[in-house]
Amino acid sequence: MRVRFAPSPTGFLHIGNARTAIINYLIAKKYGADYILRVEDTDMERSTKESEKSIMEDLKWLGIEWSEGPDVGGDCGPYRQSERFDIYKTYSEKLIADGKAYYCYCSSEEIEDMRADAAATGRTSTYNGRCRNLSEADRQKFISEGRKPTIRFRIEENQQIIIDDLIKDKVIFNSDNIGGDFIIVRSDGVPVYNYIVVIDDLLMKVTHVIRGEDHLSNTPKQILIAEALGFERPVYAHMALVMGDDKKKLSKRHGITSVALYREEGYLSEALVNYISMLGWASASGEEILKLEDIISQIDLDNLAKSAAVFDFKKLKWMNANYIRAYDENLIYKMLLPFLEKAGFKIESYDEAYLKKVILFSRNYCELLSDIGRHAEIFLTNELEVDGETADLLKSEPGQIIIKCAGDVLDQLNDDNYADDFVNVVKDRTGLKGKNLFMPCRAVISGRMHGPDLADTMKILGRGKCAERIKYFGGKYLAK
RNA sequence: GUCCCCUUCGUUUAGUGGUCUAGGACAUCGGGUUUUCAUCUCGACAACAGGGGUUCGAACCCCCUAGGGGAUGCCA
């Protein structure tokens, strides 16, 4: 079994394509198939090397490995379509020689007119077939006019094309309904996707074509080409598309759709892969947070949903938070450091053991890796800025009372119980209770009204830092 | 317009003729825990698109309608 992922390098790897790449990967892993990466860069105007590079980086980040591709080579290369033009040319010539394709001298403008005419008359194919059976004289006339021909594939009338799709089951097309003779080679000699995909899949020995359902209506064309060339066709599996919350095909206006942006925002690749796998699929047990190997063992083409799924950013976030909390300590620590730096913290200025303790504690409060700064701040910044509400609290009567005695209380407690007993001793000392007790205690240590458990916070900070905090806030907010 | 695909809670799914007064997860709302927020936990709300068949019986099979999506490119 051999599968492929064939992106066109015209932008970033997008969630929809990532899903195709991921499903192909999961299936490949499940069945021990080869995974081919093929770059479909025949749109010369839009294809860029940078895009190719970033797509490969994103795939790697997702954990996808390919056994053949433009970077690693393989027996069926080259793996960029732009490097295979000679191959395609041989087949084009063969199709023309066999009468299965022909030169078309119609200009783009003339095609435009035909399109309008087809719409007006209700004709199902845009092309009106003018060059289908051109006389040699007409041909010479067009050539002398300097027209550069395209090559069109000749579609036989009233042919039934049956696709036994692994996801959609049986889909039947009639050759009269697929748009008429279509262009397989442009007038500049560059062949077109719908045509060369067939050649590449055959030459690269792809057995299973797993792709988005937007390609389903291209499939009859490809099958016809395969037949004309005498090729055996691959098995097809067309996956339902991923939609935005307005049920339109997921695109930029729905928010972040490029994989690279997810990485930057602090999503874990494992969470993204897990979530994307669950789009259109569910495990037998109903569990949703699954190890990759469990997904691989359970997922299959015939249990993927036929209907499109809306991408739910909130659920992805929830899943990401779960992954952050459960992740291996050393690994998540290393992953979180750059996000902390990006948030403006100089990580080399902290004691490593302390920093690690802070990060591993704070990660429990993060939905995204990029949340780490916000949560670690109370441990890493000594001279904390406070918001207006917290400042008011510290300036209020209970705030003042607590600021005054907090230092003493801390001194009086010993190392074993300073964190756990702090609030209670303040309570005994001041007679305050409830919110008036707890909130100022929290504020005088963390500078915040909300946050992790106060005793935990104090333990992480350590006794010395707690004392410094009390002093600092005292100096700042205690009325003279 | 035409062709193709699809249609279970707001979202994602379970469900393959009786076990369905339709199950889980996210979201939302409420209770508990946390004298905070989050986590955790308990609970509530909430769906078979509509209409016809077939059948003793239909979310499940068939047909029609409606809605959504995709394609209809010298894009992929």
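Worth saying up front: this structure is predicted, and the values here are computed from it rather than measured.

Colleague: Even after reading the chapter, I still don't get the overall build of chain A, so can you show me in this structure?
Modeller: The helix and strand inventory of chain A stands at 19 helices and 11 strands. Compactness check: chain A gives a C-alpha radius of gyration of 32 Å against a globular reference of 23 Å for 480 residues, more than 25% above the reference. Taking the principal axes of its C-alpha atoms as reference, chain A extends roughly 110 × 45 × 40 Å. Taken over 480 residues, chain A has a buried fraction of 50%. Of the roughly 23000 Å² of accessible surface on chain A, 49% is carried by carbon and sulfur atoms. Distance between charge centres in chain A, computed from 66 positive and 76 negative side chains, equals 2 Å.

Colleague: So what exactly am I meant to see when it comes to the protein's contact with RNA strand B here?
Modeller: Around RNA strand B sit 57 residues in total, of which T42, D43, R186, K248 and E288 are the nearest. When the atoms of RNA strand B within 4 Å of the protein are grouped by moiety, sugar and phosphate amount to 72% of the total. Separating a phosphate oxygen of RNA strand B from a backbone N or O atom of Y193 is a distance of 3.0 Å. Within the side chain of N218, an N or O atom sits 2.9 Å from a base nitrogen of RNA strand B. Elements with a minimum of two residues in the surface near RNA strand B: α4 (108-121), β6 (169-174), α6 (193-203), β11 (309-310), α11 (313-326) and α18 (435-446). Examining the composition of the surface near RNA strand B, we find that four residues originate from one element, α11, more than from any other. Partitioning the surface near RNA strand B into residue classes produces 20 nonpolar, 18 polar and 19 charged.

Colleague: Got a minute to help me understand helix α12 (residues 329-342) in this structure?
Modeller: Along an α-helix, residues three or four positions apart point the same way, because every turn accommodates 3.6 residues. An ideal rise of 1.5 Å per residue puts 20 Å on 14 residues; α12 measures up with 20 Å between its terminal C-alpha atoms. Where α12 bends most, the angle comes to about 25°, and this point is L336, followed within four residues by the proline P338. By the burial criterion, the buried members of α12 are I332, Y333, L336, L337, F339 and L340. Check the buried side of α12 and you find it contacts α8 (259-265), α11, α13 (352-362) and α14 (372-380). Capping of α12 at its N-terminal end is provided by D328; its side-chain oxygen lies 3.2 Å from the backbone amide nitrogen of N330. Looking one or two residues beyond α12, the residue adopting positive phi is G344, at roughly 100°.

Colleague: Any chance you could explain the side chain of D41 here in plain terms?
Modeller: Tracing the sequence through the fold places D41 in the loop between β2 (34-37) and α2 (49-62). R80 provides the closest opposite charge to the buried, unpaired D41, separated from it by 5.0 Å. Among the polar contacts listed, one links the side chain of D41 to the backbone nitrogen of Q81, at a separation of 3.3 Å. Among residues more than four places away in sequence, those in contact with D41 are P9, S47, R80, Q81 and S82.

Colleague: When you look at the sheet that holds strand β4 (residues 150-153) in this model, what are you seeing that I'm missing?
Modeller: The strands making up a sheet associate through backbone hydrogen bonding, with each pair oriented either parallel or antiparallel. With respect to topology, three strands assemble into an open sheet ordered β3-β4-β7, the strand pairing being antiparallel. Either end of the sheet is taken by a strand with one partner, and the two such strands are β3 (101-104) and β7 (182-185). If you compare each strand with its neighbour and ignore which way they point, the axes differ by 45° on average. Across three bridges, β4 lies against β7 in antiparallel orientation. Bridging across to β7, R152 finds its partner in I183. The strands that helix α3 (residues 85-97) touches are β3, β4 and β7; relative to β3, the one it contacts most, it runs at about 95°.

Colleague: What is the right way to read the confidence of the model for chain A from this model?
Modeller: Keep in mind that low pLDDT regions are not for reading the predicted coordinates in detail. In this model, chain A carries an average pLDDT of 94, and 100% of its residues clear a pLDDT of 70 or more. Per the prediction output, this complex has pTM 0.93; the corresponding ipTM is 0.95.

Colleague: Hey, could you run me through the pattern of salt bridges in this one?
Modeller: Oppositely charged side chains are able to pair whenever their charged atoms sit close together. Evaluation of the coordinates by the stated rule reveals 33 salt bridges. The partner of E68 in a salt bridge is R2, and the shortest N-O contact between them spans 2.7 Å. On the criterion of sequence distance, the pair formed by E68 in the loop between α2 and α3 and R2 in strand β1 (residues 2-5) is long-range, its members being 66 residues apart. Judged on exposure class, the residue E68 and its partner R2 are both buried. Two residues, E57 and K53, come together in a salt bridge whose shortest N-O distance is 4.0 Å. Highlighted residues: E57 and K53, both in helix α2, separated by four residues, approximately one helical turn. Assessed through its relative accessible area of 40%, E57 is described here as partly exposed. Within the structure, one salt-bridge network assembled from shared partners comprises R4, R38, E40, R84, D200 and D201.

Colleague: Quick question: what am I supposed to make of the nonpolar core here?
Modeller: Counting residues in hydrophobic clusters, the biggest one holds 110 residues, and the most contacted among them are L62, F311 and F422. Among residues more than four places away in sequence, those in contact with F422 are A406, V409, L410, L413, N417, C441, I445, M458 and I470. One finds C76, A101, I184 and V197 within the second-largest nonpolar core, a separate group that totals 35 residues.

Colleague: Can you help me understand the packing of helix α9 (residues 269-277) against α11 in this one?
Modeller: Two quantities define a packed helix pair, namely the angle between the axes and the distance from one axis to the other. Following both chains from N to C, one finds α9 and α11 inclined at 135°, their axes separated by 9 Å at the closest point. The orientation of α9 with respect to α11, classified from their angle, is oblique. For the crossing formed where α9 meets α11, the hand is right-handed. Taking contact as the criterion, the partners of E270, A271, L272, N274 and Y275 in α9 are, on α11, K315, L316, M319, N320 and Y323. A class-by-class count of the residues in the contact of α9 with α11 yields six nonpolar, two polar and two charged.

Colleague: Where do I start with unusual backbone geometry in this structure?
Modeller: Glycine aside, residues mostly have negative phi, and peptide bonds are mostly found in the trans state. At the junction of G77 and P78, the peptide bond is cis and its omega measures out at -5° in the coordinates. In this structure, N158 takes a positive phi of about 50° despite not being glycine. Note on placement: N158 falls in the loop between β4 and β5 (160-165). Residue classification places N158 among the exposed positions, given a relative accessible area of 54%.

Colleague: Sorry if this is basic, but what is going on with α6 here?
Modeller: Within α6, eight of the 11 residues are buried, which leaves it mostly tucked inside the rest of the structure. Packing partners of the buried residues in α6 comprise β1, α3, β7, β8 (208-212) and α7 (219-229). A positive phi of about 60° marks K205, the residue just after α6.

Conventions used here
Residues numbered from 1 in each chain as written. Chains lettered and ligands numbered in written order. Predicted model: local features only at pLDDT ≥ 70, side-chain atom pairs only at ≥ 80, totals over all residues. Heavy atoms only, no water. Helix = DSSP H or I, 4+ residues; strand = E, 2+ residues; numbered from the N terminus. Rg over C-alpha atoms; globule rule 2.2 N^0.38 Å. Buried < 20%, exposed > 50% of the residue type's maximum accessible area, 1.4 Å probe, protein only. Areas by Shrake-Rupley, 256 points an atom, 1.4 Å probe, with all protein chains shown as cover. Lys, Arg positive; Asp, Glu negative; His and termini not counted. Charge placed at Lys NZ, Arg CZ, Asp CG, Glu CD. Near = heavy atom within 4 Å. Polar contact = N/O pair within 3.5 Å; in protein donor to acceptor, adjacent residues only side chain to side chain. Nonpolar A, V, L, I, M, F, W, Y, C, P; charged D, E, K, R; others polar. Expected span 1.5 Å × (residues − 1). Bend = angle between axes of the 7 residues up to and from the residue. Contact = heavy atoms within 4.5 Å. Salt bridge = Lys/Arg side-chain N within 4 Å of Asp/Glu carboxyl O. Pairing = 2+ DSSP bridges. Axes fitted to C-alpha atoms, helices over the stretch in contact; angles between N-to-C directions. pLDDT = per-residue confidence, 0-100. Core = buried A, V, L, I, M, F, W, Y, C linked by side-chain atoms within 4.5 Å. Parallel < 35°, antiparallel > 145°, perpendicular 65-115°, else oblique. Left-handed = near helix turned anticlockwise from the far one by under 90°.

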